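Chain by chain, the residues:
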Amino acid sequence: MSVTAFLTDSTLCIGCKACEVACKEWNGIADDGLHWNGFSYDNTGAVGASTWRHVKFVEQPPVPGLGGNAGEQTSWTFSSDVCKHCEEAGCLEACPTGSIVRTEFGGVFIQPDVCNGCGYCVTACPFGVVERNQEDGRAFKCTFCYDRQKADLVPACAKVCPTESIKFGEIEDLRKKAEKRLEELHRKGIDDATIYDPRDTSVGGTHAMFIVRGDPRSYNLPPAPEVPTAYLKRAWTSSAIAGALLLGGTLLAFLSDSKSK
Ligand code: SF4
Ligand code: SF4
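Residues numbered from 1 in each chain as written. Chains lettered and ligands numbered in written order. Predicted model: local features only at pLDDT ≥ 70, side-chain atom pairs only at ≥ 80, totals over all residues. Heavy atoms only, no water.

Asks: Looking at this model, I keep getting lost on the overall build of the protein chain. Mind explaining?
Replies: Summing up its helical and strand segments, the protein chain has 7 helices and 10 strands in all. A burial count over the protein chain gives 42% of its 261 residues as buried. In the protein chain, once contacts between residues fewer than 6 apart in sequence are set aside, the share between residues at least 24 apart is 60%. Of the accessible surface of the protein chain, which amounts to about 14300 Å², a share of 58% is contributed by carbon and sulfur atoms. (Helix = DSSP H or I, 4+ residues; strand = E, 2+ residues; numbered from the N terminus. Buried < 20%, exposed > 50% of the residue type's maximum accessible area, 1.4 Å probe, protein only. Contact = heavy atoms within 4.5 Å. Areas by Shrake-Rupley, 256 points an atom, 1.4 Å probe, with all protein chains shown as cover.)

Asks: Sorry, what's going on with a nonpolar patch on the surface here?
Replies: A grouping of Trp36, Tyr41 and Trp76 is seen on the molecular surface, where their side chains present a nonpolar patch of about 430 Å² in accessible area. Inspection of the secondary structure puts tyrosine 41 in the loop between helix 1 (18-27) and strand 2 (53-60). (Patch = residues over 30% accessible without salt bridge, like charges linked within 9 Å, V, L, I, M, F, W, Y side chains within 5 Å. Salt bridge = Lys/Arg side-chain N within 4 Å of Asp/Glu carboxyl O.)

Asks: Sorry if this is basic, but what is going on with the site of ligand 2 here?
Replies: Around ligand 2, the surrounding shell holds 14 residues, and the nearest of these are Cys13, Cys16, Lys17, Cys19 and Cys161. Looking at the shell around ligand 2, its residues break down into 9 nonpolar, 4 polar and 1 charged. (Near = heavy atom within 4 Å. Nonpolar A, V, L, I, M, F, W, Y, C, P; charged D, E, K, R; others polar.)

Asks: Could you clarify how one ought to interpret the site of ligand 1 in this entry?
Replies: Near ligand 1 lie 14 residues; those nearest to it are Cys83, Lys84, Cys86, Cys91 and Cys125. Residues that form the shell around ligand 1 fall into these classes: 10 nonpolar, 2 polar and 2 charged.

Asks: Would you take a moment to explain the pattern of salt bridges for this structure?
Replies: A side chain with one charge may pair with a side chain of the opposite charge, provided their charged atoms come close. Per the stated rule, a full pass over the model turns up 15 salt bridges. The partner of lysine 17 in a salt bridge is glutamate 20, and the shortest N-O contact between them spans 2.7 Å. Comparing lysine 17 with glutamate 20 shows no difference in burial state: the two are buried. One salt bridge in this structure joins lysine 84 and aspartate 81, with 2.9 Å as the shortest N-O distance. Taken as a pair, lysine 84 and aspartate 81 share a single burial class, namely buried.

The following block contains the structure:
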């Protein structure tokens, strides 16, 4: 059984949303109403209870001189966002019912029949991925196609992507592929390309890595995501140190008092 991951290369994404649709089809999720959201040409807007893969349209001001009527153009890049399947997963740590579990492939899975809809996982996710649905309040997010992986199948999104922007495979293998791709992009003069794989943060790495251009925040990827329990650990350590100092001080005062008598 291998530990697997996604590597989403946004430099290859054409914004076709086939991955979004394939995810919905495989998992039996209804469409989101297909309404314009008023802010973007992207109608789904964000990952949520009914959008487990979301193709973000990174729309930026017009780039002068980019063919046609440059004054009316928007510069677009696209990236298919998803649950990061964190090594230190805030959602899993916060869940009081044991509904959220780690699978043998390294993914983070919500068991819908155990979820009681308390919503603790929603606030504990540093990426804003989990959402409760409107009918019964239970939390939903990408399952990492656990059922497909169990059957030796590639996740639906990676299977349909026509440009191979979404790669799926063994995690260390994908890390090597990401490094090679980055070298290639830099050789081609795309100097602002970077790998998003936050291993040196409290999240401790993710099973969904990305290749992006420029600031990862443009793609909803925080440079230093923090698991809420990291604060808790720091608070407990500070309290323990303060307690030890207080105890030491009291002991010293007691000893010097008994000596002086
Ligand atoms: S991205 Fe959020 S929902 Fe996904 S595993 Fe990490 S904490 Fe959980
Ligand atoms: S299927 Fe591939 S190319 Fe199409 S939107 Fe998704 S990631 Fe981009």
